[in-house]
Structures are given as C-alpha cells and as structure tokens.
Amino acid sequence: MEINLISDTVTTPTKGMLEAMMSAKVGDDVFKEDATVNALEEKTAALFGMEAALFFPSGTMANQTAIKVHTQPGEQLICDHYAHIFNYEGGGVSFNSGVSCKLIEGHRGMITAQQVKAAINPPDFYHSPMTTLVSLENTTNKGGGAIWDFEEMKAIKEVCTANGLKFHLDGARIWNALAVTGEDPKIYGTLFDSLSVCFSKGLGCPVGSVLLGSKDFIAKALRVRKVFGGGMRQAGFLAAAGIYALDHHRERLKEDHRKAKEIEAILSEKAFIFSVSPVDTNIIIFELNESVLDTNAFMDKMNKNNIRLISMGSGKLRLVTHLNYTDEMHSHLLSILNRF
Ligand SMILES: *Cc1c(COP(=O)(O)O)cnc(C)c1O
C-alpha cells in the first residue's frame, strides 16, 4: 500500500466523478458552445457572488491571466514572500506581464493592511515602479494551509480602494478555508476584483481551475487565455468533474482536516520533531530535531514504509491529506509514526 502525501493533487477521480464526466454534454468551448463548461462557470460565479467566470486548465494560468489583465509592464504588485504566484509559477509574473513583486514578510503567508499600506510606492515618485495590484492567497500553501481572517482582508481592500489598487485572491484552496469557517462564499465576491479557484486540489478533480470577476474583466481574461494557449475544445468532460466535486466533495474536506489534526497531534509529542506548524486545514509542515533524527534517515524510513512526502526547503517537510488518503492508510501512518 503506497501512502502518497506529497500533495492533494495526487487524487484520481472517484467512480461517481468518472460517470459524471463520461455522460457530460459537450461542445466546442473555444466557440463558448460547451454546455457543461458554461454550467460550471455559471455555478462557480453564482457561488462566489461574482458576475462572470472562465474555465482554465490550471491554477497557474488562471492567476497569471488575472495578473496580466490587472497590470501593465513595469508595474509592481504586492504579495507575501511565500506567495505561490511568486515562488511556484515559474517566474510568470515577470515573464508574462513584465511586472515585479514587492515581497512582504508576513505571518504564515499572510500580510496585514498596515504592511500593504507601507509597501505602496508613491504614485508621483516616477523613479519607482507603479504599484497597481495586491494579491493574497487563501489558504496559504507555503504558509501551511493557514486561513485568513476575513476582517484583515477587508482592511486590505480598504487600502486598495483608497490607493486605486486592484485586488486578487489566489483561492486554489479556498474550499478548505470555507469548510472550516463556514463563511458564505459570496462575501468573497464583495471584496475581490478577481478570484481563482482550483478543482484539482482538495476537490479531487483531475484538471481545472476557474477565474472569477466582473463581466468586463472576464471578457479581457478570455483574450489573454487565448494568447496563453489555454482555449480548450470539448472541455466539458473536465468541467463535469468540477460540477460533481462542488456537489459532492466540499463537505468531506472536514475529514481531511481531522486526519491532518491527528497527524499533528502525534508529531507534536515526538522527540525527533523540532516543531510542527499549527494545522488549520489539510497541510502539515514540520521540522525534524536533527540531533535526534536527520532528514535523510527520516526520509529513508518513510520510503521503506511506502510513505511519500516532500521537503519544502530550509529543513521543512510537508504532508498533505486528501480524498484518496483512506482511513486504513491513516491508521497505518499513525501507527508507524507512533513506533518511530
Ligand atoms: C496549486 C496552487 C496553484 C495552481 O497550481 P496549478 O498546479 O497550476 O493548478 C495556485 N496557487 C496555490 C496557492 C496553489 O497551491
């Protein structure tokens, strides 16, 4: 039995999801004639109280499209130094948009309104890049699945409004945040100019992200998606998985969170663990006590037991729980950790 906890993207479609995919009504989405893609876009837009939506092959392309629409070359965006758009999108912010990132050292990937305000370049000081966009991430990936306090995001929105800045949310794992807070997703539509969500993370789809915004924004995003090569034809087979996931896989995220908490509890007691970051959702980031057990020895032992996890650099290791991580795998992992 392999226990793969490198990411929540390693899931395969369930039987129900595959059936929904195979019976999807499809058309050519480049002509906007795929009924299932249109239905997923409408459903997701309505869920978040946004005017319009657009289906993408990846979260990276959805984020990069949003940045491209919101900015002009030479401008600057503000984000946390852990941000996915800065660290894990291949330098796309500069490559695609000619934009630089003003990185803020936040707490677990989250920044404050005060920090954002201080990071804005004065608009009339033509020596520095013009600040035009603020991008947040919820939950934070490198920050260990941390959930934003909505009030802080609201305070940042006020800073954006006062300074004429656009406001984007990378909501790849927003489903995990919503499963914990119980917030009405519509409050996000009141705050952000654009929001990207992933179906291939916690929701268990093989492919797919959606970008949300105003009608005008999405019309521009459609053109950029074309330029990036993201126009797909009978994409309804993939969108059907997204619709199925919205209807069937949101509630169960609580189970991934419970399992992550149980792993956290065991790791926290162990002498070979130096520290475990607080677990809010499905991501567990921890550091080994290298004087007791070094990383190579730990990884060796995990490999021998068919357990896969990844290193996040600077001595940090990451486990992510997900749809394909069964109860049986969970009790097996807990017993192995207990015997360490
Ligand atoms: C996974 C992820 C994305 C998008 O990744 P893709 O692999 O391109 O779908 C964006 N932001 C965050 C925070 C992520 O974790």
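Residues numbered from 1 in each chain as written. Predicted model: local features only at pLDDT ≥ 70, side-chain atom pairs only at ≥ 80, totals over all residues. Heavy atoms only, no water.

Peer 1: Tell me about the packing of aromatic side chains, and name the residues and values.
Peer 2: Summed over all chains, the structure comprises nine aromatic pairs. Arranged with centres 5.5 Å apart and planes meeting at 75 degrees, the rings of Phe-150 and Tyr-188 form a pair that is edge-to-face. Of this pair, Phe-150 sits in helix α7 (residues 150–163) while Tyr-188 sits in helix α9 (residues 186–191), and the two are 38 residues apart along the sequence. With a centroid separation of 5.7 Å and 40 degrees between ring planes, the pair formed by Trp-175 and Phe-199 is classed as tilted. Note that Trp-175 is positioned in helix α8 (residues 174–181) and Phe-199 in the loop between β7 (194–198) and β8 (209–213), a separation of 24 residues in sequence. Three or more aromatic residues link up through ring pairs in this structure, and these residues are Phe-150, Phe-167, Tyr-188 and Phe-192. Cation over ring: Lys-142 sits above Tyr-82, and NZ or CZ is 5.4 Å from the ring centre. The ring of Phe-340 is capped by Lys-301, whose NZ or CZ atom sits 4.6 Å from the centre of that ring. (Phe/Tyr/Trp six-rings, centres within 6.5 Å; stacked < 30°, edge-to-face > 60°. Helix = DSSP H or I, 4+ residues; strand = E, 2+ residues; numbered from the N terminus. Lys NZ or Arg CZ within 6 Å of the ring centre and 35° of its normal.)

Peer 1: Which residues make up the domain arrangement of the chain, and what values do they have?
Peer 2: In terms of domain boundaries, the chain breaks down into domain 1 (3–8 + 252–338) and domain 2 (15–248). Placing the centre of domain 1 and that of domain 2 at their C-alpha centroids yields a distance of 28 Å. Of the residues lining the interface, 16 residues belong to domain 1; the matching set on domain 2 comes to 22 residues. Carbon and sulfur atoms make up 49% of the surface buried where domain 1 meets domain 2, a total of about 1500 Å² over both sides. The largest share of the area that domain 1 buries against domain 2 comes from Asp-8, Leu-253 and Asp-280, three residues that together contribute 34% of it. For the pair domain 1 and domain 2, the interface holds two salt bridges. Taking the shortest distance from any N to any O, the salt bridge between Asp-8 and Arg-173 comes out at 2.8 Å. The tally of links from domain 1 across to domain 2 stands at seven residue pairs in polar contact (both at pLDDT 80 or more). Residue contributions to the side of domain 1 that touches domain 2 peak at three residues, all from helix α12 (residues 253–269). Looking at the side of domain 1 that touches domain 2 residue by residue, the class counts come to six nonpolar, four polar and six charged. (Domains from an automatic or database assignment. Contact = heavy atoms within 4.5 Å. Buried area = accessible area lost by both parts, 1.4 Å probe. Salt bridge = Lys/Arg side-chain N within 4 Å of Asp/Glu carboxyl O. Polar contact = N/O pair within 3.5 Å; in protein donor to acceptor, adjacent residues only side chain to side chain. Nonpolar A, V, L, I, M, F, W, Y, C, P; charged D, E, K, R; others polar.)

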